[in-house]
Amino acid sequence: ISVMQPFKKYMNFNKYQPYFQPRGRLSDLCTLNSIGPIGVKFTKNTKQDVSICYANTFDDKDLSCITAIIEIGKGTNLVLDEYFENKKDSIKLYNIVYLIKEGSSVTINRKYDLNDKDNSASIVESRVIQFPNSKFTLDVTGEGSKHTQDIVDLEIYNDCYTR
């Protein structure tokens, strides 16, 4: 796993820019207000189980904008456990792009936090691009906050499996 950093020295964001076109949704604010995307790139032909927790531990009440890129290399078998924590008296916006390359199999187990659900808002917009012969499964559990919105856009190419 290599963590992508927003510094040009480490990452060529130009190759990802086409995936962040304005959609006329709140997630557009993530790209405009982020200091840079965060992300993970999984190398080809690997098998991994990984957990990601989206959390903000600062003692403030604000709007958090998270832009993330998850790139899964060709032939990779990945189980990704995602956990979204609520933050009291705050709003969190997410714009996440998943690039699932040829022949890969990805299962995302997405879970929403139950703490502070009455006093927070989370909007998670996911864009999943499935390249030919890939498999994608998304399982979502938890209530999230009273004001949780979870939107998933799928682009599916030849001979894919999606659930």
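In this text the structure is predicted, and so the values were computed from the model without any measurement.

Let us look at the packing of aromatic side chains. Tallied over the entire structure, the rule returns four aromatic pairs. Measuring from ring centre to ring centre gives 4.7 Å for Tyr54 and Phe84, while their planes differ by 15°; the resulting arrangement is stacked. Of the two residues, Tyr54 is situated in strand E3 (residues 47-54) and Phe84 in strand E5 (residues 77-84); the sequence distance between them amounts to 30 residues. Tyr54 gets classed as buried once you look at its relative accessible area, which sits at 7%.

Structurally, Thr76 is set in the loop between strand E4 (63-72) and E5. Polar side-chain contacts of Thr76 include one of 3.1 Å to the backbone oxygen of Gly73. In contact with Thr76, not counting residues within four places along its chain, are Phe42, Thr43, Lys44, Asn45, Thr46, Ser104 and Ser105.

Let's shift gears to the nonpolar core. By size, the foremost hydrophobic cluster in this structure holds 23 residues, and its most contacted members are Tyr54, Ile70, Leu80 and Ile96. Within the residue set of this core, elements represented by two or more residues are strand E2 (38-42), E3, E4, E5, strand E6 (90-100), strand E7 (105-112), strand E8 (120-130) and strand E9 (135-141). Other than its neighbours up to four places away in sequence, Ile70 contacts Val40, Phe42, Ile52, Tyr54, Leu80, Ile96, Val97, Tyr98 and Leu99. Phe20, Ile69, Leu99 and Phe131 belong to the second largest nonpolar core, which has seven residues in total.

Here we come to the sheet that holds E9. Sheet architecture is open: five strands sit in the order E3-E5-E7-E9-E11, paired in parallel fashion. What marks the edges here is a single partner per strand, and that holds for E3 and strand E11 (161-162).

Take the pattern of salt bridges next. Across all of its chains, the model carries eight salt bridges by this definition. A salt bridge links Arg110 to Glu82; the shortest N-O distance between them is 2.9 Å. Remark: Glu82 occurs in strand E5 and Arg110 occurs in strand E7; sequence separation between them is 28 residues. The class for Arg110 is buried, based on a relative accessible area of 2%. Between Arg163 and Asp139 there is a salt bridge, and its shortest N-O distance comes to 3.3 Å. Of this pair, Arg163 sits in the segment after E11 while Asp139 sits in strand E9, and the two are 24 residues apart along the sequence. With a relative accessible area of 27%, Asp139 lands in the partly exposed category.

Further remarks concern a nonpolar patch on the surface. A cluster of nonpolar side chains, namely Leu26, Leu29 and Leu32, defines an oily patch on the protein surface of about 290 Å² accessible area. Relative to the assigned elements, Leu32 resides in helix H1 (residues 28-33). Using a relative accessible area of 68% as the deciding quantity, one classes Leu32 as exposed.

About the thresholds
- Residues numbered from 1 in each chain as written.
- Predicted model: local features only at pLDDT ≥ 70, side-chain atom pairs only at ≥ 80, totals over all residues.
- Heavy atoms only, no water.
- Phe/Tyr/Trp six-rings, centres within 6.5 Å; stacked < 30°, edge-to-face > 60°.
- Helix = DSSP H or I, 4+ residues; strand = E, 2+ residues; numbered from the N terminus.
- Buried < 20%, exposed > 50% of the residue type's maximum accessible area, 1.4 Å probe, protein only.
- Polar contact = N/O pair within 3.5 Å; in protein donor to acceptor, adjacent residues only side chain to side chain.
- Contact = heavy atoms within 4.5 Å.
- Core = buried A, V, L, I, M, F, W, Y, C linked by side-chain atoms within 4.5 Å.
- Pairing = 2+ DSSP bridges.
- Salt bridge = Lys/Arg side-chain N within 4 Å of Asp/Glu carboxyl O.
- Patch = residues over 30% accessible without salt bridge, like charges linked within 9 Å, V, L, I, M, F, W, Y side chains within 5 Å.
- Areas by Shrake-Rupley, 256 points an atom, 1.4 Å probe, with all protein chains shown as cover.

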